Amino acid sequence: MIVELLITAFLVIGGLFGIVGSYGLIKLTDAMQRLHGPTKSTTLGVGGVLIASMLYFGFVDHHVSFHELLITLFLFITAPITAHFMAQTYLRMHTKESELPPTGRRYGWSIYQDPPVVEEDE
Amino acid sequence: MLKRIFPHPLLSLLLLIVWTMLVNKVTLGNLLLGVIIGIALPIMTAAYWPERALIKSPLKVVSYIALVVWDIVVANVQVALIILFKPTSKINSQWVTVPLELTSPEAITVLAGTITMTPGTVTALLSADGGSLLVHCLHTDDPQGEIDGIKTRYEARLKEIFA
């Protein structure tokens, strides 16, 4: 009974965050802001469903399932990288270097400038 | 000799664990297959990591992961609240530049990933010399505070983890 309540609670929490994250895509106005939705809220949305799934298999189905942990691991690795790709593409297509803050270094941002040549150490 | 069979012991161990979790059943055959994968893959991919990062203290890695997971939960709630209750015109998005003290590519990758996963910030760009990160804040009234937060909370810990 308690386990069922817990599973339901996690499913509802996961669903709520999923909806909020998707709603963010409609509500926020510029592409960089919209990137925040899928990288954050959705993580907890998926996380909630995965915890519910682990609880279900552990207590109702009586066998331990590790797949959920793996999904979490892969999600944590891939989510920032996809976000990074989208940010780079957006910046390259819609933003000039003058619109971004300075790097505070001798070199500019990497999509506008080549990396400095490193002398090979002998 | 041992170094030739296990050029990257941590990667071998990780592969064994991931393989066991993937098949979801601990049997002798699966473990054996995991060990074979754990030995074969690092040797096959050795060319892609000529200088691998050294991790100084594994305990700090565990505490760092715990901190980041907690921050992700907090970040989710914060971003959800901003999306739901802040009028669009009041959301004050800004670019900030975070100067880096980390130098190894692995450490910078982990830091950039952490920034993207945590409170209202997404990493967008690296400067050409790898010395600073361009970070987009969803909503902030205090850009310097965000930069200091990232530097003290994550970068300082990563500096202790990566040699």
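The rules behind these values
Residues numbered from 1 in each chain as written. Chains lettered and ligands numbered in written order. Predicted model: local features only at pLDDT ≥ 70, side-chain atom pairs only at ≥ 80, totals over all residues. Helix = DSSP H or I, 4+ residues; strand = E, 2+ residues; numbered from the N terminus. Rg over C-alpha atoms; globule rule 2.2 N^0.38 Å. Buried ≥ 20, exposed ≤ 12 C-beta atoms within 10 Å, placed from the backbone. Contact = placed C-beta atoms within 7 Å. UniProt positions renumbered as here; feature names shortened; annotations may be inferred. Nonpolar A, V, L, I, M, F, W, Y, C, P; charged D, E, K, R; others polar. Expected span 1.5 Å × (residues − 1). Domains from an automatic or database assignment. Axes fitted to C-alpha atoms, helices over the stretch in contact; angles between N-to-C directions. Parallel < 35°, antiparallel > 145°, perpendicular 65-115°, else oblique. Left-handed = near helix turned anticlockwise from the far one by under 90°.

Novice: Even after reading the chapter, I still don't get the overall build of chain A, so can you show me in this structure?
Specialist: When helices and strands are counted, chain A shows 4 helices and 0 strands. Shown N-terminal to C-terminal, the secondary structure of chain A runs as helices and strands in the order α-α-α-α. Scaling as 2.2 N^0.38, a compact globule of 122 residues should have a C-alpha radius of gyration of about 14 Å, whereas chain A reaches 21 Å, well beyond that. Seen through its C-alpha atoms, chain A measures out along the principal axes to roughly 65 × 50 × 20 Å. Within chain A, buried positions represent 25% of all 122 residues. Considering only residue pairs separated by 6 or more positions, chain A has 56% of its internal contacts joining residues 24 or more positions apart.

Novice: How should the UniProt feature "transmembrane region" (unreviewed entry) in chain B be read in this particular structure?
Specialist: As recorded in UniProt, the sites labelled "transmembrane region" (unreviewed entry) are residues 6-24, 31-49 and 61-85 of chain B. In this annotation, residues 31-49 of chain B is assigned 74% helix and 0% strand; the end-to-end C-alpha distance for the span is 26 Å.

Novice: I would appreciate a short explanation of the interface of chain A and chain B in the present structure.
Specialist: How big an interface is tends to be expressed through the accessible area that disappears when the partners come together. Tallying the contact residues gives 45 residues for chain A and 37 residues for chain B. Those elements that provide at least two residues to the side of chain A that touches chain B are helix H1 (2-27), helix H2 (31-34), helix H3 (36-60) and helix H4 (67-94) of chain A. The element that contributes the greatest number of residues to the side of chain A that touches chain B is H4 of chain A, accounting for 11 residues. Of the residues that constitute the side of chain A that touches chain B, the class distribution is 23 nonpolar, 17 polar and 5 charged.

Novice: Would you explain helix H6 (residues 143-161) of chain B in this entry?
Specialist: Between its first and last C-alpha atoms H6 of chain B spans 26 Å; for 19 residues at 1.5 Å apiece the expected length is 27 Å, and the two agree. As for H6 of chain B, its buried residues are in contact with strand S1 (94-99), helix H5 (105-117), strand S2 (121-126) and strand S3 (132-137) of chain B.

Novice: Could you clarify how one ought to interpret the domain arrangement of chain B in this entry?
Specialist: According to the domain assignment, chain B consists of domain 1 (2-48) and domain 2 (58-161). Taking only C-alpha atoms, the centre of domain 1 of chain B and the centre of domain 2 of chain B are 32 Å apart.

Novice: Hey, could you run me through helix H4 (residues 58-85) of chain B in this one?
Specialist: The first and last C-alpha atoms of H4 of chain B sit 41 Å apart over 28 residues, in line with the 40 Å expected at 1.5 Å per residue. Inspection of H4 of chain B places Ala-75, Asn-76, Val-79, Ala-80, Ile-82 and Ile-83 of chain B among the buried residues, and these make up the whole buried set.

Novice: How do you make sense of the packing of H4 of chain B against H6 of chain B when you look at a structure like this?
Specialist: Packed helix pairs are characterised by how far apart their axes lie and by the angle those axes make with each other. Residue and element names in this part refer to chain B. Where H4 meets H6, the closest approach of the two axes is 9 Å, and the angle between their N-to-C directions is 155°. It follows that H4 is roughly antiparallel to H6 by the angle criterion. In the packing of H4 onto H6, the handedness of the crossing is left-handed. Residues Lys-60, Val-61 and Tyr-64 of H4 lie in contact with H6, whose contacting residues are Arg-157, Glu-160 and Ile-161. Counted by class, the contact of H4 with H6 contains 3 nonpolar, no polar and 3 charged residues.

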